[in-house]
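# Analysis of the macromolecular model
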Amino acid sequence: KEGKKYIEWGDSDKFPTTIAKAVRKNGSASSAMRVKERAHYGNGLMLYSTSKSEAGKKVINYVSFDEQPEIEQFFKRIKHKLFLQEIIKDLEWFNVCFPEFVLSVDRKKIHSVRRQKTAWCRYAAPNDNGFVDRIYVSSKFGTASNIDVTDKTLVSEIPLINPYLTREEIIEYCVDKNIDSDESFYPEADWHSILNSGWLEVANSVPEYKLNIFKNQVSIKYIIEIDERYFSKTYGDDWRNYSIEEKLKIRETLIKAITDELSGNTNSGKSISSIMFEDDKGNQVSAVKITPIDDKFKDGSYLPEAEAANSEVLFAMGVDPSVIGAGIPGGKLGAGSGSDKRVAFNIMQALKNPDRDVSLSPMEFIQDFNEWDPKVKFAYENTEITTLDKNPTSTQNGI
(Lines give C-alpha, C1' and ligand atoms only; values in the text may rest on other atoms or scores of the structure.)
Protein backbone atom coordinates (compact mmCIF):
# COMPACT_ATOMS: atom_id res chain seq x y z
CA LYS A 1 0.00 0.00 0.00
CA GLU A 2 1.09 3.54 -0.71
CA GLY A 3 2.98 5.07 2.18
CA LYS A 4 3.78 1.68 3.74
CA LYS A 5 7.38 1.03 4.60
CA TYR A 6 6.97 -2.69 4.02
CA ILE A 7 5.11 -4.85 1.51
CA GLU A 8 2.02 -6.45 3.06
CA TRP A 9 1.43 -10.16 2.56
CA GLY A 10 -2.17 -10.80 1.51
CA ASP A 11 -5.30 -9.07 2.79
CA SER A 12 -4.53 -7.05 5.91
CA ASP A 13 -1.04 -8.58 5.88
CA LYS A 14 -2.38 -11.79 7.44
CA PHE A 15 -1.96 -14.43 4.73
CA PRO A 16 0.55 -16.65 6.61
CA THR A 17 -1.61 -16.59 9.75
CA THR A 18 -4.80 -17.24 7.78
CA ILE A 19 -3.46 -20.24 5.85
CA ALA A 20 -1.82 -21.75 8.94
CA LYS A 21 -5.00 -21.52 11.04
CA ALA A 22 -7.14 -22.98 8.26
CA VAL A 23 -4.83 -25.94 7.66
CA ARG A 24 -4.47 -26.77 11.35
CA LYS A 25 -8.27 -27.03 11.67
CA ASN A 26 -8.32 -29.77 9.04
CA GLY A 27 -6.99 -33.21 9.91
CA SER A 28 -6.34 -34.27 6.31
CA ALA A 29 -4.53 -31.03 5.45
CA SER A 30 -2.42 -31.07 8.63
CA SER A 31 -1.38 -34.67 8.04
CA ALA A 32 -0.62 -33.96 4.39
CA MET A 33 1.65 -31.06 5.32
CA ARG A 34 3.50 -33.29 7.77
CA VAL A 35 4.01 -35.90 5.05
CA LYS A 36 5.19 -33.27 2.55
CA GLU A 37 7.81 -31.98 5.00
CA ARG A 38 9.09 -35.45 5.88
CA ALA A 39 9.16 -36.67 2.29
CA HIS A 40 11.16 -33.56 1.42
CA TYR A 41 13.72 -34.18 4.17
CA GLY A 42 13.91 -37.94 3.61
CA ASN A 43 16.66 -39.46 5.75
CA GLY A 44 18.49 -36.18 5.97
CA LEU A 45 21.40 -34.48 4.27
CA MET A 46 24.24 -36.45 2.75
CA LEU A 47 27.37 -35.68 0.77
CA TYR A 48 28.34 -37.38 -2.46
CA SER A 49 30.40 -37.06 -5.62
CA THR A 50 29.94 -38.52 -9.07
CA SER A 51 32.16 -40.39 -11.46
CA LYS A 52 31.82 -42.61 -14.52
CA SER A 53 32.25 -46.32 -14.69
CA GLU A 54 34.23 -48.04 -17.42
CA ALA A 55 30.95 -48.53 -19.25
CA GLY A 56 30.36 -44.79 -19.15
CA LYS A 57 27.56 -44.93 -16.59
CA LYS A 58 27.18 -42.38 -13.81
CA VAL A 59 28.35 -43.67 -10.45
CA ILE A 60 27.32 -42.17 -7.09
CA ASN A 61 30.11 -42.11 -4.53
CA TYR A 62 29.09 -41.38 -0.96
CA VAL A 63 31.35 -38.92 0.86
CA SER A 64 31.73 -39.12 4.62
CA PHE A 65 31.55 -35.89 6.61
CA ASP A 66 34.86 -36.63 8.29
CA GLU A 67 36.49 -36.59 4.85
CA GLN A 68 35.50 -32.91 4.63
CA PRO A 69 36.45 -31.42 8.03
CA GLU A 70 35.65 -27.80 7.07
CA ILE A 71 32.16 -28.77 5.91
CA GLU A 72 31.63 -31.01 8.91
CA GLN A 73 32.66 -28.25 11.34
CA PHE A 74 30.36 -25.73 9.64
CA PHE A 75 27.39 -28.10 9.68
CA LYS A 76 27.89 -28.85 13.35
CA ARG A 77 28.07 -25.14 14.10
CA ILE A 78 24.76 -24.36 12.38
CA LYS A 79 23.03 -27.55 13.64
CA HIS A 80 22.20 -28.39 10.03
CA LYS A 81 19.56 -31.05 10.79
CA LEU A 82 17.39 -28.53 12.61
CA PHE A 83 18.17 -25.72 10.16
CA LEU A 84 17.21 -27.75 7.10
CA GLN A 85 13.96 -29.01 8.61
CA GLU A 86 13.00 -25.45 9.54
CA ILE A 87 13.56 -24.02 6.05
CA ILE A 88 11.84 -27.07 4.52
CA LYS A 89 8.80 -26.26 6.65
CA ASP A 90 8.83 -22.67 5.38
CA LEU A 91 9.20 -23.80 1.77
CA GLU A 92 6.42 -26.37 1.98
CA TRP A 93 4.03 -23.95 3.70
CA PHE A 94 4.85 -20.67 1.92
CA ASN A 95 7.10 -21.52 -1.04
CA VAL A 96 9.74 -19.11 0.23
CA CYS A 97 12.31 -19.20 3.01
CA PHE A 98 14.66 -16.64 4.52
CA PRO A 99 18.11 -17.98 5.45
CA GLU A 100 20.31 -15.29 6.98
CA PHE A 101 23.99 -15.68 6.17
CA VAL A 102 26.42 -14.28 8.74
CA LEU A 103 29.85 -13.35 7.42
CA SER A 104 33.14 -13.67 9.21
CA VAL A 105 34.86 -10.54 10.50
CA ASP A 106 36.96 -10.18 7.35
CA ARG A 107 33.86 -10.90 5.19
CA LYS A 108 35.78 -13.55 3.28
CA LYS A 109 33.76 -16.51 4.59
CA ILE A 110 30.22 -17.29 5.63
CA HIS A 111 30.64 -18.14 9.27
CA SER A 112 27.06 -19.25 9.97
CA VAL A 113 23.54 -19.42 8.59
CA ARG A 114 20.28 -19.25 10.47
CA ARG A 115 16.62 -19.42 9.55
CA GLN A 116 14.36 -16.42 9.91
CA LYS A 117 10.77 -17.63 10.28
CA THR A 118 8.98 -16.88 7.00
CA ALA A 119 5.67 -15.90 8.63
CA TRP A 120 7.57 -13.20 10.54
CA CYS A 121 9.35 -11.73 7.49
CA ARG A 122 8.22 -8.87 5.26
CA TYR A 123 9.99 -7.23 2.34
CA ALA A 124 10.72 -3.54 2.72
CA ALA A 125 9.11 -1.15 0.26
CA PRO A 126 11.28 -0.66 -2.87
CA ASN A 127 13.99 1.95 -2.57
CA ASP A 128 14.42 5.00 -4.86
CA ASN A 129 15.90 2.75 -7.53
CA GLY A 130 12.90 0.40 -7.44
CA PHE A 131 14.72 -2.45 -5.70
CA VAL A 132 13.95 -4.20 -2.41
CA ASP A 133 17.17 -4.08 -0.46
CA ARG A 134 16.14 -5.29 3.01
CA ILE A 135 13.59 -7.30 4.95
CA TYR A 136 11.95 -6.71 8.29
CA VAL A 137 11.50 -9.48 10.85
CA SER A 138 8.96 -9.35 13.68
CA SER A 139 6.62 -11.77 15.43
CA LYS A 140 4.01 -8.98 15.27
CA PHE A 141 3.54 -9.33 11.52
CA GLY A 142 0.22 -11.03 10.81
CA THR A 143 -1.18 -10.33 14.27
CA ALA A 144 -1.28 -6.53 14.14
CA SER A 145 -1.56 -3.88 11.45
CA ASN A 146 0.54 -0.82 10.71
CA ILE A 147 3.68 -2.16 12.38
CA ASP A 148 6.22 0.59 13.03
CA VAL A 149 9.28 -0.92 11.39
CA THR A 150 11.48 1.80 12.88
CA ASP A 151 10.80 0.43 16.38
CA LYS A 152 13.92 -1.63 16.90
CA THR A 153 12.44 -3.26 20.01
CA LEU A 154 9.80 -4.95 17.84
CA VAL A 155 11.36 -5.20 14.39
CA SER A 156 14.74 -6.36 13.14
CA GLU A 157 16.07 -5.07 9.83
CA ILE A 158 18.24 -7.36 7.68
CA PRO A 159 19.96 -6.31 4.44
CA LEU A 160 18.81 -8.14 1.32
CA ILE A 161 21.03 -8.61 -1.71
CA ASN A 162 20.69 -10.52 -4.95
CA PRO A 163 21.75 -14.16 -4.43
CA TYR A 164 22.81 -14.35 -8.08
CA LEU A 165 25.72 -12.00 -7.49
CA THR A 166 29.19 -13.48 -7.58
CA ARG A 167 31.23 -14.00 -4.45
CA GLU A 168 33.39 -10.97 -5.23
CA GLU A 169 30.35 -8.75 -5.91
CA ILE A 170 28.78 -9.79 -2.61
CA ILE A 171 31.96 -9.06 -0.66
CA GLU A 172 32.27 -5.67 -2.37
CA TYR A 173 28.62 -4.89 -1.59
CA CYS A 174 28.96 -5.89 2.06
CA VAL A 175 32.12 -3.83 2.51
CA ASP A 176 30.52 -0.83 0.79
CA LYS A 177 27.37 -1.06 2.94
CA ASN A 178 29.24 -2.16 6.06
CA ILE A 179 27.01 -5.16 6.62
CA ASP A 180 27.74 -8.65 7.85
CA SER A 181 24.86 -10.64 6.39
CA ASP A 182 23.25 -11.64 3.10
CA GLU A 183 19.66 -12.62 2.49
CA SER A 184 18.42 -14.51 -0.47
CA PHE A 185 8.22 -10.84 -3.22
CA TYR A 186 5.96 -13.49 -1.75
CA PRO A 187 5.45 -16.47 -4.11
CA GLU A 188 2.30 -18.54 -3.88
CA ALA A 189 2.53 -22.30 -3.48
CA ASP A 190 0.40 -24.38 -5.84
CA TRP A 191 -1.58 -25.89 -2.99
CA HIS A 192 -2.67 -22.44 -1.74
CA SER A 193 -5.45 -22.81 -4.33
CA ILE A 194 -7.47 -24.69 -1.68
CA LEU A 195 -7.84 -21.41 0.22
CA ASN A 196 -8.65 -19.36 -2.87
CA SER A 197 -11.13 -21.93 -4.22
CA GLY A 198 -12.95 -22.31 -0.89
CA TRP A 199 -12.49 -26.10 -0.65
CA LEU A 200 -10.57 -25.87 2.61
CA GLU A 201 -13.31 -23.69 4.10
CA VAL A 202 -15.92 -26.26 3.01
CA ALA A 203 -13.94 -29.10 4.57
CA ASN A 204 -13.53 -27.18 7.83
CA SER A 205 -17.16 -26.04 8.01
CA VAL A 206 -18.70 -29.54 7.96
CA PRO A 207 -17.35 -30.79 11.34
CA GLU A 208 -18.02 -27.40 12.95
CA TYR A 209 -21.59 -27.43 11.62
CA LYS A 210 -22.24 -31.01 12.76
CA LEU A 211 -20.77 -30.26 16.19
CA ASN A 212 -23.22 -27.39 16.63
CA ILE A 213 -26.02 -29.72 15.60
CA PHE A 214 -25.01 -32.26 18.24
CA LYS A 215 -24.84 -29.58 20.90
CA ASN A 216 -28.22 -28.07 20.01
CA GLN A 217 -30.02 -31.05 18.57
CA VAL A 218 -33.18 -30.54 20.64
CA SER A 219 -34.09 -27.50 18.54
CA ILE A 220 -33.91 -29.69 15.49
CA LYS A 221 -35.38 -33.00 16.63
CA TYR A 222 -38.47 -32.08 18.66
CA ILE A 223 -41.46 -29.78 18.91
CA ILE A 224 -42.34 -29.24 22.58
CA GLU A 225 -45.94 -28.20 23.40
CA ILE A 226 -47.04 -27.33 26.95
CA ASP A 227 -50.73 -27.11 27.71
CA GLU A 228 -51.46 -23.81 29.45
CA ARG A 229 -53.77 -25.67 31.86
CA TYR A 230 -50.69 -27.48 33.19
CA PHE A 231 -49.71 -24.41 35.17
CA SER A 232 -53.17 -23.73 36.62
CA LYS A 233 -53.50 -27.43 37.55
CA THR A 234 -50.03 -27.47 39.10
CA TYR A 235 -50.09 -24.15 40.94
CA GLY A 236 -53.85 -23.87 41.61
CA ASP A 237 -55.20 -20.49 42.70
CA ASP A 238 -51.69 -19.15 43.17
CA TRP A 239 -51.20 -19.17 39.40
CA ARG A 240 -53.85 -16.45 38.97
CA ASN A 241 -52.11 -14.26 41.52
CA TYR A 242 -48.62 -14.53 39.99
CA SER A 243 -47.30 -11.52 38.13
CA ILE A 244 -46.45 -11.79 34.43
CA GLU A 245 -42.75 -11.84 35.28
CA GLU A 246 -43.21 -14.73 37.72
CA LYS A 247 -45.26 -16.74 35.19
CA LEU A 248 -42.64 -16.20 32.50
CA LYS A 249 -39.90 -17.33 34.84
CA ILE A 250 -41.81 -20.54 35.72
CA ARG A 251 -42.40 -21.29 32.04
CA GLU A 252 -38.73 -20.71 31.18
CA THR A 253 -37.62 -22.97 34.04
CA LEU A 254 -39.87 -25.78 32.84
CA ILE A 255 -38.75 -25.46 29.21
CA LYS A 256 -35.10 -25.45 30.27
CA ALA A 257 -35.61 -28.58 32.35
CA ILE A 258 -37.22 -30.42 29.40
CA THR A 259 -34.54 -29.19 27.00
CA ASP A 260 -31.75 -30.34 29.31
CA GLU A 261 -33.33 -33.80 29.53
CA LEU A 262 -33.58 -34.15 25.77
CA SER A 263 -30.36 -32.64 24.48
CA GLY A 264 -26.75 -33.66 24.76
CA ASN A 265 -24.96 -36.99 24.36
CA THR A 266 -24.97 -37.73 28.11
CA ASN A 267 -28.76 -37.79 28.14
CA SER A 268 -29.06 -40.28 25.32
CA GLY A 269 -31.66 -42.95 26.10
CA LYS A 270 -33.23 -41.13 29.05
CA SER A 271 -36.98 -40.97 29.65
CA ILE A 272 -39.00 -37.91 30.49
CA SER A 273 -42.13 -37.84 32.68
CA SER A 274 -45.25 -35.81 31.98
CA ILE A 275 -48.35 -35.00 34.05
CA MET A 276 -51.73 -36.25 32.78
CA PHE A 277 -55.04 -34.57 33.66
CA GLU A 278 -58.68 -34.72 32.60
CA ASP A 279 -60.09 -32.11 30.27
CA ASP A 280 -63.65 -30.77 30.43
CA LYS A 281 -64.92 -33.85 28.58
CA GLY A 282 -63.22 -36.32 30.90
CA ASN A 283 -60.48 -37.28 28.49
CA GLN A 284 -56.92 -37.83 29.73
CA VAL A 285 -54.65 -35.10 28.39
CA SER A 286 -50.90 -34.88 28.60
CA ALA A 287 -49.63 -31.63 30.03
CA VAL A 288 -46.47 -31.80 27.92
CA LYS A 289 -46.45 -33.04 24.33
CA ILE A 290 -43.13 -33.76 22.62
CA THR A 291 -43.30 -34.49 18.90
CA PRO A 292 -40.22 -35.79 17.03
CA ILE A 293 -39.74 -34.10 13.69
CA ASP A 294 -38.12 -35.47 10.59
CA ASP A 295 -34.36 -35.68 11.19
CA LYS A 296 -32.73 -33.70 8.42
CA PHE A 297 -29.28 -34.38 9.85
CA LYS A 298 -29.04 -38.15 9.92
CA ASP A 299 -25.72 -39.95 10.29
CA GLY A 300 -23.71 -39.47 7.14
CA SER A 301 -25.30 -36.18 6.19
CA TYR A 302 -22.85 -33.75 4.64
CA LEU A 303 -20.14 -36.44 4.53
CA PRO A 304 -20.19 -36.48 0.70
CA GLU A 305 -19.43 -32.75 0.76
CA ALA A 306 -16.63 -33.32 3.29
CA GLU A 307 -15.36 -36.20 1.17
CA ALA A 308 -15.17 -34.06 -1.95
CA ALA A 309 -13.61 -31.11 -0.09
CA ASN A 310 -10.94 -33.22 1.63
CA SER A 311 -10.12 -34.92 -1.66
CA GLU A 312 -9.67 -31.55 -3.35
CA VAL A 313 -7.42 -30.46 -0.47
CA LEU A 314 -5.16 -33.50 -0.77
CA PHE A 315 -5.07 -33.40 -4.57
CA ALA A 316 -3.99 -29.75 -4.47
CA MET A 317 -1.28 -30.63 -1.96
CA GLY A 318 -0.03 -33.46 -4.13
CA VAL A 319 -0.50 -36.10 -1.43
CA ASP A 320 -2.09 -39.42 -2.32
CA PRO A 321 -4.79 -40.22 0.30
CA SER A 322 -3.37 -43.70 0.86
CA VAL A 323 -0.10 -42.22 2.17
CA ILE A 324 -1.90 -40.68 5.15
CA GLY A 325 -3.95 -43.83 5.79
CA ALA A 326 -7.11 -42.95 3.93
CA GLY A 327 -8.99 -44.09 0.88
CA ILE A 328 -11.08 -41.09 0.01
CA PRO A 329 -11.14 -38.83 3.10
CA GLY A 330 -14.61 -38.67 4.63
CA GLY A 331 -15.82 -41.57 2.51
CA LYS A 332 -16.41 -45.25 3.13
CA LEU A 333 -13.51 -46.64 1.14
CA GLY A 334 -10.57 -48.33 2.81
CA ALA A 335 -7.04 -47.02 3.17
CA GLY A 336 -5.78 -48.82 0.08
CA SER A 337 -3.41 -51.74 -0.28
CA GLY A 338 0.23 -51.89 0.69
CA SER A 339 1.13 -51.53 -2.97
CA ASP A 340 -0.90 -48.32 -3.19
CA LYS A 341 0.98 -46.85 -0.27
CA ARG A 342 4.38 -48.01 -1.48
CA VAL A 343 4.02 -46.68 -5.01
CA ALA A 344 2.37 -43.42 -3.86
CA PHE A 345 5.14 -42.73 -1.35
CA ASN A 346 7.93 -43.51 -3.81
CA ILE A 347 6.34 -41.28 -6.47
CA MET A 348 5.97 -38.49 -3.94
CA GLN A 349 9.66 -38.64 -3.04
CA ALA A 350 10.64 -38.65 -6.71
CA LEU A 351 8.55 -35.53 -7.32
CA LYS A 352 10.32 -33.74 -4.46
CA ASN A 353 13.57 -33.23 -6.39
CA PRO A 354 12.77 -29.68 -7.62
CA ASP A 355 11.75 -28.65 -4.09
CA ARG A 356 14.93 -30.18 -2.71
CA ASP A 357 17.02 -28.20 -5.18
CA VAL A 358 15.57 -25.04 -3.62
CA SER A 359 16.11 -26.07 0.02
CA LEU A 360 19.69 -27.15 -0.76
CA SER A 361 20.53 -23.90 -2.56
CA PRO A 362 21.68 -22.16 0.68
CA MET A 363 24.21 -24.99 1.20
CA GLU A 364 25.43 -24.68 -2.39
CA PHE A 365 25.67 -20.89 -2.04
CA ILE A 366 27.79 -21.32 1.10
CA GLN A 367 29.92 -23.92 -0.68
CA ASP A 368 30.73 -21.50 -3.50
CA PHE A 369 31.31 -18.55 -1.15
CA ASN A 370 33.54 -20.50 1.24
CA GLU A 371 35.31 -22.25 -1.63
CA TRP A 372 34.70 -25.77 -0.43
CA ASP A 373 35.63 -28.73 -2.60
CA PRO A 374 33.50 -28.22 -5.75
CA LYS A 375 33.34 -31.98 -6.37
CA VAL A 376 31.27 -32.48 -3.23
CA LYS A 377 27.53 -32.35 -3.82
CA PHE A 378 24.57 -32.22 -1.45
CA ALA A 379 21.44 -34.37 -1.51
CA TYR A 380 18.75 -35.83 0.72
CA GLU A 381 18.80 -39.56 1.17
CA ASN A 382 15.58 -41.32 0.21
CA THR A 383 14.06 -44.40 1.71
CA GLU A 384 12.54 -46.34 -1.14
CA ILE A 385 9.86 -48.77 0.03
CA THR A 386 10.17 -52.10 -1.74
CA THR A 387 8.66 -55.59 -1.36
CA LEU A 388 10.06 -58.40 0.77
CA ASP A 389 11.08 -60.42 -2.27
CA LYS A 390 13.43 -57.61 -3.28
CA ASN A 391 14.77 -56.68 0.15
CA PRO A 392 14.36 -58.44 3.53
CA THR A 393 13.77 -55.09 5.26
CA SER A 394 11.29 -53.87 2.60
CA THR A 395 13.37 -50.70 2.22
CA GLN A 396 16.48 -49.50 0.46
CA ASN A 397 18.23 -46.15 0.65
CA GLY A 398 19.40 -43.93 -2.16
CA ILE A 399 19.62 -40.39 -3.46
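Our structure's up above, just so we're on the same page.
In what follows, the accompanying structure is described.

Scoring rules and cut-offs
Residues numbered from 1 in each chain as written. Predicted model: local features only at pLDDT ≥ 70, side-chain atom pairs only at ≥ 80, totals over all residues. Heavy atoms only, no water. Helix = DSSP H or I, 4+ residues; strand = E, 2+ residues; numbered from the N terminus. Buried < 20%, exposed > 50% of the residue type's maximum accessible area, 1.4 Å probe, protein only. Pairing = 2+ DSSP bridges. Axes fitted to C-alpha atoms, helices over the stretch in contact; angles between N-to-C directions. Patch = residues over 30% accessible without salt bridge, like charges linked within 9 Å, V, L, I, M, F, W, Y side chains within 5 Å. Areas by Shrake-Rupley, 256 points an atom, 1.4 Å probe, with all protein chains shown as cover. Salt bridge = Lys/Arg side-chain N within 4 Å of Asp/Glu carboxyl O. Parallel < 35°, antiparallel > 145°, perpendicular 65-115°, else oblique. Left-handed = near helix turned anticlockwise from the far one by under 90°. Contact = heavy atoms within 4.5 Å. Nonpolar A, V, L, I, M, F, W, Y, C, P; charged D, E, K, R; others polar. Expected span 1.5 Å × (residues − 1). Arc of directions from axis to C-beta.

### Observations concerning the overall build of the protein chain
Helix and strand content of the protein chain: 14 helices and 15 strands. Taken across its 399 residues, the protein chain has 39% of its residues classed as buried.

### Some thoughts on the sheet that holds strand β1 (residues 45–52)
With antiparallel pairing, the three strands of this open sheet are ordered in space as β2-β1-β13. Two strands in the sheet have a free side with no partner beyond their single neighbour: β2 (58–63) and β13 (377–380). Strand-to-strand, the axes of this sheet are offset by a mean angle of 50°, without reference to chain direction. Pairing of β1 with β2, which is carried by six bridges, proceeds in the antiparallel orientation. Pairing of Thr-50 across the sheet is with Ile-60, part of β2.

### Focus: a nonpolar patch on the surface
A surface patch of nonpolar side chains, amounting to about 290 Å² of accessible area, comprises Val-343, Ile-347 and Leu-351. By relative accessible area, Ile-347 is classed as partly exposed at 46%.

### Points about the pattern of salt bridges
A full pass over the atoms with the stated rule returns 15 salt bridges. With its nearest N and O atoms 3.0 Å apart, the salt bridge here joins Glu-100 to Arg-114. Here Glu-100 is found in strand β3 (residues 98–103), whereas its partner Arg-114 is found in strand β4 (residues 110–116), with 14 residues between them in sequence. Relative accessible area serves as the criterion here: at 46%, Arg-114 is assigned to the partly exposed category. Here Arg-134 and Asp-133 are joined by a salt bridge, their closest N and O atoms 2.8 Å apart. By relative accessible area, Asp-133 is classed as partly exposed at 23%. The structure contains a network of salt bridges with shared partners spanning Lys-36, Glu-92, Lys-352 and Asp-355.

### What to know about the packing of helix α4 (residues 80–94) against helix α14 (residues 353–370)
It is the contact of α4 with α14, at a shortest axis distance of 10 Å, that shows an interaxial angle of 135°. As far as their axial angle goes, α14 and α4 are oblique. Crossing of α4 against α14: the hand is right-handed. Counted together, Phe-83, Leu-84, Ile-87, Ile-88, Leu-91 and Glu-92 of α4 and Asp-355, Val-358, Ser-359, Pro-362 and Met-363 of α14 form the full contact between these two elements. Its residues placed into classes, the contact of α4 with α14 shows eight nonpolar, one polar and two charged.

### What about helix α11 (residues 244–262)?
The α-helix winds at 3.6 residues per turn, so residues separated by three or four positions along the chain end up facing the same way. Its 19 residues give α11 an end-to-end C-alpha distance of 27 Å, which sits within 8% of 27 Å, the value for a rise of 1.5 Å per residue. The set of residues buried in α11 consists of Ile-250, Leu-254, Ile-258 and Leu-262. The buried residues of α11 occupy one face: seen down the axis, they fall within an arc of 105°. In this structure, α11 carries Glu-245, Lys-249, Glu-252 and Lys-256 as exposed residues pointing more than 90 degrees from its buried face.

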